[in-house]
Amino acid sequence: MYDVLIIGAGIVGTAIARELSKYELKVILAEKENDIANGTTKANSAIVHAGYDALPGTLKAKTNVLGNKLYPKLCEELDVPFKQIGSFVVAFNEDEVKVLERLKKQGEENGVPNLEILPGEKVLEMEPNLSDKITAALYAPTGGIVGPFELAIALAENAVENGVEVILNSPVTKIEKIEEGYKVKAGEREILTKFVINCAGLYADQVNNLINEEYFKIQPNRGEYNLFDKTVGNYVNKVVFQAPTPVSKGVVCLPTVHGNFLIGPTADYVDSPQEVQTTGKGLAEVREKGLKVLPNFPFYKVITSFAGLRAKVEGGDFIIEEVRENKGFINVAGIDSPGLTAAPVIALEVVEILRNITGGLKEKENFNGKRKAVVHFMELSPEEKAELIKKDPKFGRVICRCESITEGEIVNAIHRPVGGRTLDGIKRRVRAGMGRCQGGFCAPRVMEILARELEKDITEIVKDSPNSYILTGPTKSRKKDN
Ligand SMILES: Cc1cc2nc3c(=O)[nH]c(=O)nc-3n(C[C@H](O)[C@H](O)[C@H](O)COP(=O)(O)OP(=O)(O)OC[C@H]3O[C@@H](n4cnc5c(N)ncnc54)[C@H](O)[C@@H]3O)c2cc1C
């Protein structure tokens, strides 16, 4: 019997798994997809928000501001890219300056340090590529950026290293109450567990409804983006928001931790949690709003577009609570923005709930919170490179030319705890295929490596989700030794 079953391996589920791995508990994390971070966690703005957006007194405000404080140490421990570059919210007129003043006051109430409203000239001095029509900006030096899927993968790896079991391709489809807790069907497995933590993101209402009364409904809200080439990666050096709307923080322009540039997202309600396609209308809005702030931005430098879905609930705040009628069943739902920033604190909140229910949790003596990322060959010194190639010649073979990723890195990404099994899984772990050609050159090579290392036929290698097959079979025969 498990102590805890966590449902959903996004940033929230993996943060909870890692936090619980600090205690003497038997924990299992079940994910319906074939990889960690295949839901909203892979498609968002990647901002570690300062914390002035959320209404004071809400769970969002509390978990955001504290989450922001925890990020530097967490990312250092887990060897995940994080940069505290600061953020601006820009205003173009007097009405918007009033919004900045409201946000500043709200932020101060939430406990955000060092907020300042800067005049237009100062803003332009700091970021010369911004529109000269900007009259003022709210500056939050604690705002930052992170690699969101890298963090979720790192949390999962570290949780596994500390004893958590992760099962992929395991959708939870049935939950029954039993005397000691719950009997749960997850893929082919039947899991007996004392506690269930529902972190199923866009599907959290469906998972809740498997056993509890329906008391919240997830409304997916889509945000679309354009991602740009590294040649414009430092077009601005801070996160630049426009004044927020009631449903979102508005279109934002920002560098990414890997030196690309991102503009988006839109905010449109959609009918289903599967509507992650981009649209002409959405991307036109991204362009229009992007150009308002960055009038000379070279939009032709776009390398890809994508969309993510916010898991919105009525009332707007996060739901983090034990369900009254089913003791030991904890919902962590409605985790829209700033869920990425808040995840480390959401995990602490869940531990607190479990501590209260159980009357105390025993800390593990041998918990090891440190995790090392896959070595990035190109960042090594010439001596280190030579040494590594001598040990393993696969580091001498570059597979992804845009991002300079070697075969050694890809093989390492496959054989780690919860290693990559798909083309996008490798992309998210070591960036092979993330560059300007978006895998046009390296995808066949990466597929060959995956097939070889996993002892599969190459036609079994998928792009992302379980049925996203790429190859169906050979088009013509050729001699093996050609
Ligand atoms: C456009 C956009 C921009 C955003 N920008 C930011 C930002 O800049 N900063 C920030 O802090 N936050 C941001 N967010 C919010 C943040 O991305 C989310 O709060 C966070 O990723 C939610 O994580 P999660 O783990 O709850 O959900 P998910 O990542 O969706 O994970 C849920 C997991 O549960 C799995 N699952 C579902 N049903 C089942 C089942 N039955 N059985 C097993 N597994 C199941 C799913 O496959 C999925 O992997 C943004 C969100 C969007 C959409």
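See above for the structure.
Residues numbered from 1 in each chain as written. Predicted model: local features only at pLDDT ≥ 70, side-chain atom pairs only at ≥ 80, totals over all residues. Heavy atoms only, no water.

A. Structural view of the pattern of salt bridges. For the structure shown, the criterion picks out 33 salt bridges. A salt bridge links D3 to K194, with the shortest nitrogen-to-oxygen separation between them at 3.0 Å. A residue pair is termed long-range when its members are at least 10 positions apart, and D3 in strand β1 (residues 2-7) and K194 in strand β12 (residues 189-198) qualify at 191 residues. When its relative accessible area of 16% is taken as the criterion, D3 is described as buried. Residue classification places K194 among the partly exposed positions, given a relative accessible area of 39%. The shortest N-O distance in the salt bridge between E19 and K22 comes to 2.9 Å. Given a relative accessible area of 23%, K22 falls into the partly exposed group. (Salt bridge = Lys/Arg side-chain N within 4 Å of Asp/Glu carboxyl O. Helix = DSSP H or I, 4+ residues; strand = E, 2+ residues; numbered from the N terminus. Buried < 20%, exposed > 50% of the residue type's maximum accessible area, 1.4 Å probe, protein only.)

B. Summary view of the side chain of E96. The residue E96 is located in helix α3 (residues 94-110) in this model. For the buried E96, no salt bridge is present, and the opposite-charge side chain at shortest range is K292, 4.3 Å distant. Setting aside chain neighbours within four positions, we find E96 in contact with V90, A91, A243 and K292. (Lys, Arg positive; Asp, Glu negative; His and termini not counted. Contact = heavy atoms within 4.5 Å.)

C. Structural view of the nonpolar core. Counting residues in each nonpolar core, the largest one holds 52 residues, and the members touching the most others are I6, I16, L20, I36, I197 and V332. Those elements that place two or more of their residues in this core are β1, α1 (11-20), β2 (27-30), α2 (59-78), α5 (148-161), β12, β20 (329-333) and α8 (339-358). Each residue touching I16, except ones within four places of it in the same chain, is listed here: I6, I197, C199, V332, A347 and V350. Among the nonpolar cores identified, the runner-up in size contains 28 residues, and Y2, I175, V184 and V196 belong to it. (Core = buried A, V, L, I, M, F, W, Y, C linked by side-chain atoms within 4.5 Å.)

D. Just the packing of aromatic side chains, in detail. Under the defined criterion, the tally for this structure stands at twelve aromatic pairs. Here the aromatic rings of Y235 and F297 are separated by 4.9 Å at their centres, their planes lie at 85 degrees, and the arrangement is edge-to-face. Of the two residues, Y235 sits in the loop between β13 (219-228) and β14 (239-242) while F297 sits in the loop between α7 (280-293) and β18 (302-312), which places them 62 residues apart along the sequence. Exposure class is identical for Y235 and F297. Each is buried. Through a chain of ring-to-ring contacts, the aromatic side chains of F228, Y235, F261, F297 and F299 assemble into a single cluster. Its end group placed over the ring of F88, K238 keeps NZ or CZ at 5.7 Å from the ring centre. Here the basic side chain of K292 rests over the ring of F92, its NZ or CZ set 4.5 Å away from the ring centre. (Phe/Tyr/Trp six-rings, centres within 6.5 Å; stacked < 30°, edge-to-face > 60°. Lys NZ or Arg CZ within 6 Å of the ring centre and 35° of its normal.)

Read these as geometric descriptors, not functional statements.
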